[in-house]
Amino acid sequence: MAKDDEPAFSASGSEGTPPVDPETAVGPDGRPLQAREPAQPAPEPRDETAGRVAEPVPAEAPAQPDAAEERQARQQVQQAEKGAEAGAIPSFEVTLRLRRYNPELDDAPHWEDYRVTVHSTDRLLDALHTIKWEQDGSLSFRRSCAHGVCGSDAMRINGKNRLACKTLLKDLNPDKPITVEPIQGLPVEKDLIVDMDPFFAAYREVMPFLITKGNEPTRERLQSQKQRERYDDTTKCILCAACTTSCPVFWGDGQYFGPASIVNAHRFIFDSRDEGADLRLEILNDKEGVWRCRTTFNCTEACPRGIEVTRAIQEVKRALLTRKV
Ligand code: SF4
Ligand code: FES
């Protein structure tokens, strides 16, 4: 059939739908539409009050709360109160005994006590902030990330090197003063701040960067998983100095390279892509190098990153003896 001969209506019944003649139109059941009964009008809503005598209502009748509703509301309040109690973070008081030193005022460092209300979720860093912001703005300490990443808030807490931002107060005995002092073996600049220059000078000496002999690759320097695992532990160092400043050998004269430098030398000595291992091993073969380590394990205990520092030092010693990496 030609397109012009097609009936002029569409499935949607819109524009081309022929007009319906109500006289002749039939429904889907074949019955004429007119034969159907007209639609019944909707019944009027029943008047429930019809026939009743209206009772007088006081003009301002107070709404009487239903007893059950009242009981339910009371229960809800009680439950909310209980929930608030259960969710509340317990607080307690602690005394922080801080080692204070201001080179412009003091001849020597001294201890000062501060009483602080803390919560069980607080870290030592939070208590130090409370003291600085609410009690004594002259208190000085370093911190940056507050999440154990930057390594700037290593301090000696109750006699052990730790990061203030990773030390929960609830894990320390609140019945006794908590002692906080600067890490040892480095010159104190003010309060809990030490001069980190000697620490970073030793770090730079071991050349903590990839050394290659100029053979520029045309793509990434590939490394197998096993080769990467070889030095994985020592990549975690955040240079907080907690290990070096817990080492009695370092305390002695400050000349020893210290665990942190050796850890960072290890990170490159055992990297399969690096070609500077011999150079670094020779540097650490110095009288102030790895041979000064007395394996006291203080460094391993102090490391907030869980690096097996003493083991790394032993591996460097072995590499020096065998000249194998
Ligand atoms: S080895 Fe551990 S303790 Fe030592 S500087 Fe690195 S992160 Fe800090
Ligand atoms: S503040 Fe960065 S490690 Fe603690």
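Below is a short write-up of the structure. Keep in mind that what you see is a predicted model, and the values were worked out from it rather than measured.

## Description of the site of ligand 1
At step 1: Around ligand 1, the surrounding shell holds 13 residues, and the nearest of these are Cys237, Cys240, Ala241, Cys243 and Cys303.
At step 2: Placement of ligand 1 is best described as lying within the largest cavity.
At step 3: Of the residues assigned to the shell around ligand 1, the class counts are 12 nonpolar, no polar and one charged.

## Regarding the pattern of salt bridges
At step 1: Applying the stated criterion across every chain, the model contains 23 salt bridges.
At step 2: Of the charged contacts in the structure, one is a salt bridge between Arg100 and Asp136, with a shortest N-O distance of 3.0 Å. Of the two residues, Arg100 sits in strand S1 (residues 91-100) while Asp136 sits in the loop between helix H2 (124-135) and strand S3 (154-157), which places them 36 residues apart along the sequence.
At step 3: Relative accessible area serves as the criterion here: at 5%, Arg100 is assigned to the buried category.
At step 4: Notably, a salt bridge pairs Arg228 with Asp232, separated by 2.8 Å at the nearest N-O pair.

## Overview of the packing of aromatic side chains
At step 1: All chains considered together, the criterion is met by two aromatic pairs.
At step 2: Geometrically, the ring pair formed by Phe199 and Phe200 is edge-to-face, given 5.1 Å between the ring centres and 80 degrees between the ring planes.
At step 3: The exposure class of Phe200 is partly exposed, given its relative accessible area of 26%.
At step 4: Clustering of aromatic rings is evident, with ring pairs tying together Phe199, Phe200 and Tyr203.
At step 5: Directly above the ring of Phe268 sits Arg267, whose terminal nitrogen or CZ lies 4.1 Å from the centroid.

Calculation rules
Residues numbered from 1 in each chain as written. Chains lettered and ligands numbered in written order. Predicted model: local features only at pLDDT ≥ 70, side-chain atom pairs only at ≥ 80, totals over all residues. Heavy atoms only, no water. Near = heavy atom within 4 Å. 1 Å grid on protein atoms, 1.4 Å probe; cavity = no way out; pocket = protein on both sides within 12 Å on 5 of 7 lines; lining within 4 Å. Sits in = over half its atoms within 2 Å of the grid points. Nonpolar A, V, L, I, M, F, W, Y, C, P; charged D, E, K, R; others polar. Salt bridge = Lys/Arg side-chain N within 4 Å of Asp/Glu carboxyl O. Helix = DSSP H or I, 4+ residues; strand = E, 2+ residues; numbered from the N terminus. Buried < 20%, exposed > 50% of the residue type's maximum accessible area, 1.4 Å probe, protein only. Phe/Tyr/Trp six-rings, centres within 6.5 Å; stacked < 30°, edge-to-face > 60°. Lys NZ or Arg CZ within 6 Å of the ring centre and 35° of its normal.

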